[in-house]
Amino acid sequence: MHFGLKPKTIILVGQPNAGKTTLFNSLTGGNFRTGNYPGITVDYFVGQLNQKYGKTDWRIIDSPGLNSLNAKSEDERVTVSCLANHPEFGIPDLIVSVLDSSQLARQLYLLKQLQEANFNIVVAVTMTDILAQKHLQVDFATLSKEFKLKFIPINARLDKGTNELVAAIKSNLNEIENPLEPKIPNEYSKEYILSTFKQLSLIEKEVLKPLSNINQVNKKLNLVSNANPTTRKIDKILLHPFLGGVFFVLIMGFLFTSIFWMAEPVMDLIDSIFGVSANFVTSHLEESLFRDLIVDGVITGIGSVLIFVPQIVILFFLMGVLEDSGYLSRAAVIIDYPLKKLGLSGRSFVPMLSGFACAIPGMLAAKSILNYKERMLTIFIMPLMSCSARLPVYALLLTFITPKNKPWIGGIGLMLLYSASIFFGSVAAGIAGKFIRKKDVSVFTLELPAYRFPVWKLIFRSTFNNSKSYLTKAGIPILIISLFMWAFTYFPGAPDNIPKDAQLDRIEYSYASQVSKFIEPVFHPIGGDWRVGVSLISAFAAREVFVSSLALVFHITDENEDSLQNSLLKSMENAKIESTGEKLFTFSSVIGLMIFFAVALQCLTTVVVSRKETGSWLIPVLQVVCFTVSAYFLTVLAVQGLRFLGLS
Amino acid sequence: MTLVNCKVGFRGIIKDILNVENNLHLLENGFTPDTEVEIISKSTLGSPIGIQLRGTIIALRKEEAECILV
């Protein structure tokens, strides 16, 4: 035993929406890392106390929100047992129980369980402002006497009360050298829950006092059981059977379109910065393997990671606003019924929405789904959500089939592609739902927190942290895979017997081309040849690479972005299948390609993240095989069907 | 009568929870006998139902709300 040498471990525990994460952010100053509980896909966060509260060696851990220590799923069981004995840090020195005072009895239930399990506890009491809107306040002296614990009122949203909380933690840690070993019962009986709630309701009655300036509390209204009055009023509209749906469509429509129009100028900027730096390197280095690696491998690779950052930042920011204000849980309620029919849940909604920007943050967000089957199913269908990497491909292909005088056809085409994505997702969920085993009962039981005005500082912080986590979790795999795909489309290079001036682009002699030529017959039924094939293969690095590979195999070398697309369209127009002399890109083959892109899992990074988030290779392998094989057959069906109808 | 049969705006006291052994999560969320509840919202297709109790609002699916007798 090294008394005083071992850093102190402090775990924040509280029910969902109690304000735990806000407090954690305030205490750590947003400086923390993510850890993973063993065997399950639930994360925890660990950080150090912000220097402004003084220098300590504390490890502060934020645990997932819990309603009770009575675990109902495997994930909850691990989460609960890690409270008592953390896999990395052992027995915690202190639990900071975070308690929402506007619903005291409900929240004291978890505290009661923690106390009975022998944890050493300091209590942080939040939402006293919400309570004050009901003209009520907490009698802290009585509450402390009742539980023999320290209760500190805080408002972490405004950094109020946190100094007092840190002082209370310090004096507690000084007093208690070695905490008792916590003992959490395996089960809590019905009788236990009922009698505990009876007792806690009495305590609640005793400690909630009218605010001193109000003498008369309307007893008839029973204010204690009422939710926040403003929230009740807003919910009458936002959860109205008809208006609620209208607002839902409006809010989500706004969110969805802003992801695209707000991000576009920044994405163009990033794109041109990488274009310029690639040109700079090309003109300043001798032609060599090294130069090609830097330009086509490294710069393009980093570019394909960063190009999506603006969209992801905007997505996280707007979702942060919706979450902090309290709307996201309402959105989950509104969409629950249709999603439940597909074996998903209202809780799948936010991840699916993220999936329209990029499948990776979508899969990461699926952690918030408590039910195992619903979480796996949400991750399973995520690659079918029409992510923004498909957009450049759709843009090129739609331009190709849209007559110049009828630009609206392209718009309708894009809308159909997004609808198709939702349709394919539903079908896949419906089918896969029959096979994924049920581990725990599906319960919804979602708390709808009081509406609040968002605190910008917190939203900026969470946007930053979420974007950082996207970059670290997805960035490295994307980079590695792009480097690999670069090598695959680069080596071994032209054979020696071809004179230098007669050589075409390296991609033509690459392993990717060789593979593609070897399996060329596969591309015939979908109206393609080996050149389309090699572009499809390189799209496994990232879907939008399809466009640049196509440009490579058709020898489009123009540097200017606009004329690149135009000259690419022109050469697509003229391209002929070598063996038959027929046109390569026709209405049917282009429709086919779009269907292929809508369904196929062509993003290796998604596969890697799916493996991480589901904890095994089963689901990612199924995703690759099922989606890519069905994409192929759907494409064959579409191309041959259209040709049969005379629409070549 | 169960909570599913009640209209928005209904206010009453929980009498009992049906099938209680499978609905311990309802008890742990504060849906215990003698608790006052009010229906705040019903979604377009009747599920989930927003129920106010103990100072907050909880959304329950129809199957869960069916187990709450008022």
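What counts as what
- Residues numbered from 1 in each chain as written.
- Chains lettered and ligands numbered in written order.
- Predicted model: local features only at pLDDT ≥ 70, side-chain atom pairs only at ≥ 80, totals over all residues.
- Heavy atoms only, no water.
- Helix = DSSP H or I, 4+ residues; strand = E, 2+ residues; numbered from the N terminus.
- Rg over C-alpha atoms; globule rule 2.2 N^0.38 Å.
- Buried < 20%, exposed > 50% of the residue type's maximum accessible area, 1.4 Å probe, protein only.
- Areas by Shrake-Rupley, 256 points an atom, 1.4 Å probe, with all protein chains shown as cover.
- Lys, Arg positive; Asp, Glu negative; His and termini not counted.
- Charge placed at Lys NZ, Arg CZ, Asp CG, Glu CD.
- Phe/Tyr/Trp six-rings, centres within 6.5 Å; stacked < 30°, edge-to-face > 60°.
- Lys NZ or Arg CZ within 6 Å of the ring centre and 35° of its normal.
- Pairing = 2+ DSSP bridges.
- Axes fitted to C-alpha atoms, helices over the stretch in contact; angles between N-to-C directions.
- Contact = heavy atoms within 4.5 Å.
- Core = buried A, V, L, I, M, F, W, Y, C linked by side-chain atoms within 4.5 Å.
- Buried area = accessible area lost by both parts, 1.4 Å probe.
- Salt bridge = Lys/Arg side-chain N within 4 Å of Asp/Glu carboxyl O.
- Polar contact = N/O pair within 3.5 Å; in protein donor to acceptor, adjacent residues only side chain to side chain.
- Patch = residues over 30% accessible without salt bridge, like charges linked within 9 Å, V, L, I, M, F, W, Y side chains within 5 Å.

1. A closer look at the overall build of chain B
The helix and strand inventory of chain B stands at two helices and six strands. Put simply, chain B runs from its N terminus to its C terminus through helices and strands in the order β-β-α-β-β-β-α-β. For chain B, whose C-alpha radius of gyration is 11 Å, the value lies close to the compact-globule estimate of 11 Å for 70 residues. Based on the C-alpha atoms only, the size of chain B along its principal axes is roughly 30 × 20 × 20 Å. By the burial criterion, 67% of the 70 residues in chain B qualify as buried. Carbon and sulfur atoms form 54% of the exposed surface of chain B, whose accessible area is close to 2400 Å². Between the averaged position of the 7 positive side-chain charges in chain B and that of its 9 negative side-chain charges there is a distance of 9 Å.

2. So, the packing of aromatic side chains
Residues and elements named next belong to chain A. The full count for this structure, using the stated rule, is 16 aromatic pairs over all chains. Arranged with centres 5.0 Å apart and planes meeting at 20 degrees, the rings of Tyr109 and Phe197 form a pair that is stacked. Taken together, the positions of Tyr109 in helix α3 (residues 104-116) and Phe197 in helix α7 (residues 190-207) put the pair 88 residues apart, joining distant regions of the chain. Given the relative accessible area of 0%, Tyr109 is considered buried. An aromatic cluster is defined as three or more aromatic residues linked by ring pairs; in this entry it consists of Phe317, Trp456 and Phe460. Above the plane of the ring of Tyr451 lies Arg330, whose end atom (NZ or CZ) is 4.0 Å from the centre. Note that Lys517 overlies the ring of Trp530, its terminal NZ or CZ placed 4.3 Å from the centroid.

3. A few points about the pairing of strand β3 (residues 36-42) of chain B
Residue and element names in this part refer to chain B. Of all seven residues in β3, seven are buried; the element is thus mostly enclosed. Sheet topology places strand β1 (residues 11-13) next to β3; three bridges connect them, and they run antiparallel. When the sheet's bridge partners are listed, Gly12 is paired in β3 with Val37. Relative to strand β4 (residues 49-53), β3 runs antiparallel, the two being bridged by five bridges. Along β4, the bridge assignment pairs Val37 with Leu53. Taking the residues between adjacent antiparallel strands as the criterion, β3 and β4 are bridged by six residues, where Gly46 takes a positive phi near 85 degrees.

4. Concerning the sheet that holds strand β5 (residues 56-60) of chain B
The strand order across the open sheet formed by five strands is β10(A)-β5(B)-β4(B)-β3(B)-β1(B), and the pairing between neighbours is antiparallel. Edge strands, defined here as strands with exactly one partner in the open sheet, are β10 (446-448) of chain A together with β1 of chain B. In this sheet, neighbouring strand axes are inclined to one another by 35 degrees on average, regardless of whether the strands run parallel or antiparallel. Across the sheet, helix α12 (residues 327-341) of chain A touches β10 of chain A together with β5 of chain B, and the angle it forms with β10(A) is around 130 degrees.

5. Observations concerning the nonpolar core
In terms of nonpolar packing, the biggest core is built from 120 residues, with Met252(A), Tyr327(A), Phe349(A), Leu536(A), Leu550(A) and Phe585(A) touching the most fellow members. Broken down by element, this core gets its largest block of residues, eleven residues, from helix α9 (residues 243-284) of chain A. Not counting chain neighbours up to four residues away, the residues in contact with Phe349(A) comprise Phe248(A), Met252(A), Ala331(A), Ile335(A) and Leu339(A). One finds Leu3(B), Phe31(B), Leu60(B) and Ile68(B) within the second-largest nonpolar core, a separate group that totals 61 residues.

6. Here we look at the side chain of Ser26(A)
All names here are of chain A. Within the secondary structure, Ser26 sits in helix α1 (residues 20-28). The buried category is assigned to Ser26, whose relative accessible area is 5%. Not counting the four nearest positions on each side in its chain, Ser26 is found in contact with Asn50, Tyr53, Ala156, Asp159, Thr162 and Arg461.

7. Section: the interface of chain B and chain A
Accessible area lost when the parts come together is the quantity often used to give the size of an interface. Contacts between the two partners involve 33 residues from chain B and, on the opposite side, 44 residues from chain A. Between chain B and chain A, roughly 3400 Å² of surface is buried when both sides are summed, and carbon and sulfur atoms account for 55% of that area. On inspection of chain B and its partner chain A, the count reaches four salt bridges. Residue Asp336(A) pairs with Arg61(B) through a salt bridge whose shortest N-O separation is 2.8 Å. Applying the counting criterion to the chain B and chain A interface returns 22 residue pairs in polar contact (both at pLDDT 80 or more). Put simply, the parts of the chain that give the side of chain B that touches chain A at least two residues each are α1 (24-28), β3, β4, β5 and α2 (62-65) of chain B.

8. Quick notes on a nonpolar patch on the surface
Residue and element names in this part refer to chain A. A cluster of nonpolar side chains, contributed by Ile237, Phe242, Leu243, Val246, Phe247 and Leu250, occupies part of the molecular surface with about 540 Å² of accessible area. In terms of residues, the nonpolar patch owes the most to one element, α9, which gives four residues. Within the secondary structure, Leu250 sits in helix α9. According to the relative accessible area criterion, Leu250 is exposed, its value standing at 55%.

9. Some words on the pattern of salt bridges
Considering all chains together, one arrives at 16 salt bridges over all chains under this definition. Across the pair Glu63(B) and Lys340(A) runs a salt bridge, and its minimum N-O distance is 3.0 Å. With Glu63(B) in helix α2 and Lys340(A) in helix α12, this residue pair bridges two chains. Three or more residues are tied together by salt bridges with common partners; here these are Arg232(A), Arg11(B), Glu36(B) and Glu38(B).

10. So, the environment of Leu24(B)
Of note, Leu24(B) is situated in helix α1. Beyond its immediate stretch of four places on either side in the chain, Leu24(B) contacts Asn70(A), Tyr188(A), Lys190(A) and Ile193(A).

11. Remarks on unusual backbone geometry
Cis peptide bonds are those with omega within 30 degrees of zero, and the linkage from Phe491(A) to Pro492(A) qualifies with 0 degrees. Look at the link from Ser47(B) to Pro48(B): it is a cis peptide, with omega at -5 degrees. Following the sequence through the fold, Pro48(B) ends up in the loop between β3 and β4. Unusually for a residue other than glycine, His135(A) sits at a positive phi of about 60 degrees. Looking at the secondary structure, you find His135(A) in the loop between α4 (128-132) and β7 (136-138). For His135(A), a relative accessible area of 37% translates into the label partly exposed.

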